Amino acid sequence: MTLWNRRQLTMAALTLVLGAYPAHAGAVLDRVAAAGTLKVATDANWAPQSFMNANNELDGFDVDVAKEIGKRLGVKVEFVTPGWDIITAGNWAGRWDMHVGSMTPTKKRAEIFDFPAVYYYTPAAVAVHKDSKAKTLADLDGKVVGATSTSTFEAYAKKDLTLDAAGAPPFEYKLNPKEVHSYENSTTAFDDLRLGDGVRLDAVVSSLPSILDAIKAGYPIKQLGEPVFYEPLAIAIEHGDPELSAKIADAVKAMKADGTLSKLSEKWYGQDYSKTN
């Protein structure tokens, strides 16, 4: 069999696996089908969503979700780990095809991205050092707060958060910090917070699962007060490929229907965050 014939058979098999496409399928979906690989961007240091495990392999809730989507599309998943600010800036230029990294869909981000599906909902909360004398969020007025750069957590701390996605409940600003320090990810912010109360930071705004995971890992921090807001979190792709968006949406819908998302959430968080109630 010639190389050309083998290539034709491979393309035909991938087309059968991925399903029947319109005559002019999007460029990204074409590339995924041709390569048999879906390149997924996520964070390498944001447990329990995504992190490097003891075997030096990416693991976590977002990683498992991405793998399951790839499985349902009939392709392998290859992970890349660019910085959050690079991901949210857009202009991916084919370096990756999809982002599974707990991105909040907002109108501003929708200028750059399509959000095929919301796959879970998570509370955001405030962490302080275990020696902090703060009893309420009001006790942090005029203090120094850390958060991931360009994240909804940073936007909340700066009182510039807009949650306009479907399913996002209303919230109130309960922090009045003097300064907001930006970090590459929540873990590096926790690293500064663990140095001591007020040494570099007085508090960190992050996802509650990440705060609880850091506490479990031995960080001398604690949650302060109730969650400050709840956010729907979505799969993201760049504009221009509605066929790929539809395939991802179908996969996530099926994962919700058969309980896969619930099971993955229970596995990593101990509760089902895939639903709003």
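Residues numbered from 1 in each chain as written. Predicted model: local features only at pLDDT ≥ 70, side-chain atom pairs only at ≥ 80, totals over all residues. Heavy atoms only, no water.

## Description of the sheet that holds strand 4 (residues 58-59)
Strands sit in the order 2-3-4 across an open sheet of three strands; the sheet is antiparallel. The open sheet has two edge strands with one neighbour each: strand 2 (45-46) and strand 4. Looking at chain direction, strand 2 and strand 3 (residues 50-52) are connected through two bridges and run antiparallel. Paired with tryptophan 46 across the bridge in strand 3 is serine 50. (Pairing = 2+ DSSP bridges. Helix = DSSP H or I, 4+ residues; strand = E, 2+ residues; numbered from the N terminus.)

## Considerations on the side chain of aspartate 202
In this fold, aspartate 202 is placed in the loop between helix 6 (186-193) and strand 11 (203-207). Despite being buried, aspartate 202 has no salt bridge partner; lysine 143 is the closest side chain of opposite charge, sitting 4.8 Å away. Ignoring sequence-local partners within four residues, the contact set of aspartate 202 consists of Ala127, Val128, Leu140, Lys143, Val144, Leu193 and Asp197. (Buried < 20%, exposed > 50% of the residue type's maximum accessible area, 1.4 Å probe, protein only. Lys, Arg positive; Asp, Glu negative; His and termini not counted. Salt bridge = Lys/Arg side-chain N within 4 Å of Asp/Glu carboxyl O. Contact = heavy atoms within 4.5 Å.)

## A look at the pattern of salt bridges
Scanning the model with the defined rule gives nine salt bridges in all. We note a salt bridge from lysine 267 to aspartate 64, for which the minimum N-O separation is 2.8 Å. You can see lysine 267 sitting in helix 9 (residues 260-269) and its partner aspartate 64 sitting in helix 3 (residues 61-73), a full 203 residues away along the chain. The class of aspartate 64 is buried, set by a relative accessible area of 13%. Where aspartate 272 meets lysine 275, a salt bridge forms, and the shortest distance between an N and an O atom there is 4.0 Å. On the accessibility criterion, lysine 275 (47% relative accessible area) is partly exposed. Connected through salt bridges with shared partners, the residues Glu68, Arg72 and Asp258 form a single ionic network.

## Observations regarding the confidence of the model for the chain
On average, residues of the chain score 89 in pLDDT, and 90% of them are at 70 or above. Every residue in residues 1-24 is under pLDDT 50, and counting partners more than four places away or in other chains gives 23 contacts. (pLDDT = per-residue confidence, 0-100.)

## Considering the packing of aromatic side chains
Taken as a whole and judged by the stated rule, the model has 17 aromatic pairs. Within the aromatic cluster, the residues linked to one another by ring pairs are Phe61, Tyr119, Tyr120, Tyr269 and Tyr273. (Phe/Tyr/Trp six-rings, centres within 6.5 Å; stacked < 30°, edge-to-face > 60°.)

## A few points about the nonpolar core
One finds Phe61, Val65, Ile69, Met98, Tyr119 and Ile235 to be the most contacted residues of the largest nonpolar core, which totals 29 residues. Among the secondary structure elements, those contributing two or more residues to this core are helix 2 (27-35), strand 1 (37-41), helix 3, strand 6 (98-103), strand 8 (118-129), strand 12 (221-238), helix 8 (242-257) and helix 9. In contact with methionine 98, other than residues within four places in its own chain, are Leu38, Lys39, Val40, Ala41, Ile69, Trp92, Ile235, Ala236, Ile237 and Ile248. In terms of nonpolar packing, the next biggest core, distinct from the first, is built from 22 residues, Ala124, Val145, Ala168 and Ala203 among them. (Core = buried A, V, L, I, M, F, W, Y, C linked by side-chain atoms within 4.5 Å.)

## Quick notes on the packing of helix 3 against helix 9
At a minimum axis separation of 10 Å, helix 3 and helix 9 run at an interaxial angle of 155°. In terms of axis orientation, helix 3 runs roughly antiparallel to helix 9. When you trace helix 3 past helix 9, the crossing you get is right-handed. Packed against helix 3, whose contacting residues are Phe61, Asp64, Val65, Glu68 and Arg72, the element helix 9 presents Thr260, Leu261, Leu264, Ser265, Lys267, Trp268 and Tyr269 at the interface. The residue makeup of the contact of helix 3 with helix 9, split by class, is six nonpolar, two polar and four charged. (Axes fitted to C-alpha atoms, helices over the stretch in contact; angles between N-to-C directions. Parallel < 35°, antiparallel > 145°, perpendicular 65-115°, else oblique. Left-handed = near helix turned anticlockwise from the far one by under 90°. Nonpolar A, V, L, I, M, F, W, Y, C, P; charged D, E, K, R; others polar.)

## Brief notes about the pairing of strand 11
Burial runs high along strand 11: five of the five residues are buried. Where strand 9 (residues 144-148) lies against strand 11, two bridges are found, and the strand directions are parallel. When the sheet's bridge partners are listed, glycine 146 is paired in strand 11 with valine 204.

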